[in-house]
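The primary structure of each chain is shown beneath.
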Amino acid sequence: MEKKVIIAIDGYSSTGKSTVARQLAKKLGYIYVDTGAMYRAVTLYAMQHNFIDQSHFDKEALEQSLSLINIRFEVNSDTGLAEVVLNNKNVEKEIRTLEVSKLVSPVAAISMVRKKLVEQQQLMGKDSGIVMDGRDIGTVVFPDAELKLFMTATAKDRAERRYKELLERGEDVTYEDVLKNVVNRDHIDSTRKDSPLRKAEDAIEIDNSNLTLVEQFEQILAIAKKVIAK
Ligand code: DC
């Protein structure tokens, strides 16, 4: 039987990590876990309980409520994709808004939040055969992952992709606002004290600024196949 491995994909926001991770998992018959969605779900909970908005953040209130937050994934039978469920409610749509994107980085900087989600992520990967994307997968969640990828692209390219995506979903946003959010999140995610975004020493860096989705997928699939065959 073919060996099953853990594939960790990290990188800046909107580098297309989730697209390639999803494609890879499908092709290899692996489970795909979008860890950003879990941080987004905690952020949505904090918003719903008025712990956070643009002008204030009651970190203690969120920390004290962590045991009440249950996050799981369920597969949408129409699309075959895993969607996020927060306290038994599917919130896949709500967590993808620009409003959540604007508040998620400070929430993800809280150590107690990270501890809870990292433990859950490690359990999900205990049997291998998993593709997980995020910011700290190769450095903290699975430092021994057989394959680590680190995705980059220019902020302009990433903001353009994200802007198109949000428009397609019917959100009323400006390009400037999306670019500001991408740059701001990069800054908070890579300068926070706990598990800052950085490339693991043994990660392979993929700059996809000038790659089509097909080129990127073929390049990464070839790398993954080599690692699995080893
Ligand atoms: O991948 P994303 O844009 O959906 O992630 C949302 C935020 O969650 C991102 O700005 C940083 C945080 N995050 C994190 O800190 N660690 C992860 N493993 C995944 C996401």
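Peer 1: Let's hear about the site of the ligand: which residues, and what values?
Peer 2: Neighbouring the ligand are 15 residues, the closest being Arg40, Arg114, Asp136, Arg185 and Arg192. One nitrogen or oxygen atom from the side chain of Thr35 is found 3.0 Å from a nitrogen atom belonging to the ligand. One of the side-chain nitrogen or oxygen atoms of Asp189 is found 2.8 Å away from an oxygen atom of the ligand. For the ligand, the protein covers 95% of the area, taking 450 Å² as the surface of the free molecule. Secondary structure elements with two or more residues in the shell around the ligand: helix H2 (35–48), helix H4 (98–108) and helix H8 (175–191). The biggest single contributor to the shell around the ligand is H2, with four residues.

Peer 1: Let's hear about helix H7 (residues 155–168): which residues, and what values?
Peer 2: For H7, which comprises 14 residues, the first-to-last C-alpha distance of 20 Å matches the rise-based estimate of 20 Å (1.5 Å per residue) to within 8%. Buried within H7 are the following residues: Arg158, Ala159, Arg162 and Leu166. The arc that holds the buried residues of H7, viewed along the axis, is 95°, so those residues lie on one side. Along H7, exposed side chains directed more than 90 degrees from the buried face belong to Lys156, Lys164 and Glu168. Where H7 ends, the next residue or the one after it, Gly170, has phi of about 85°, a positive value.

Rules behind the numbers
Numbers given for residues are sequential positions, taken from 1 along each chain in its written order. pLDDT decides what is reported in this predicted model: residues at 70 or higher carry local features, side-chain atom pairs at 80 or more are listed and counted, and totals for whole chains, interfaces and linings draw on all residues regardless. Water and hydrogen atoms play no part in the side-chain values, which are based on all heavy atoms of the structure. When at least one non-hydrogen atom of a residue lies within 4 Å of a molecule or strand, that residue is treated as near it. Here a polar contact means two N or O atoms within 3.5 Å. Within protein one must be a hydrogen donor candidate and the other an acceptor candidate, and residues neighboring in sequence count only if both atoms are side-chain atoms. Here the accessible surface of atoms and residues is derived via Shrake-Rupley with a 1.4 Å probe, and residues count as covered only by protein chains that are part of the display. Segments assigned H or I by DSSP are reported as helices when at least four residues long, segments assigned E as strands when at least two residues long, and all are numbered from the N terminus. Under the convention used throughout, the expected extent of a helix is 1.5 Å for every residue step, that is, one less than its residue count. Under the scheme applied here, a residue whose accessible area is under 20% of the maximum for its type counts as buried, over 50% as exposed, and between as partly exposed, the area being computed with a 1.4 Å probe on protein chains only. What the arc describes is the spread of directions from the helix axis to the C-beta atoms.

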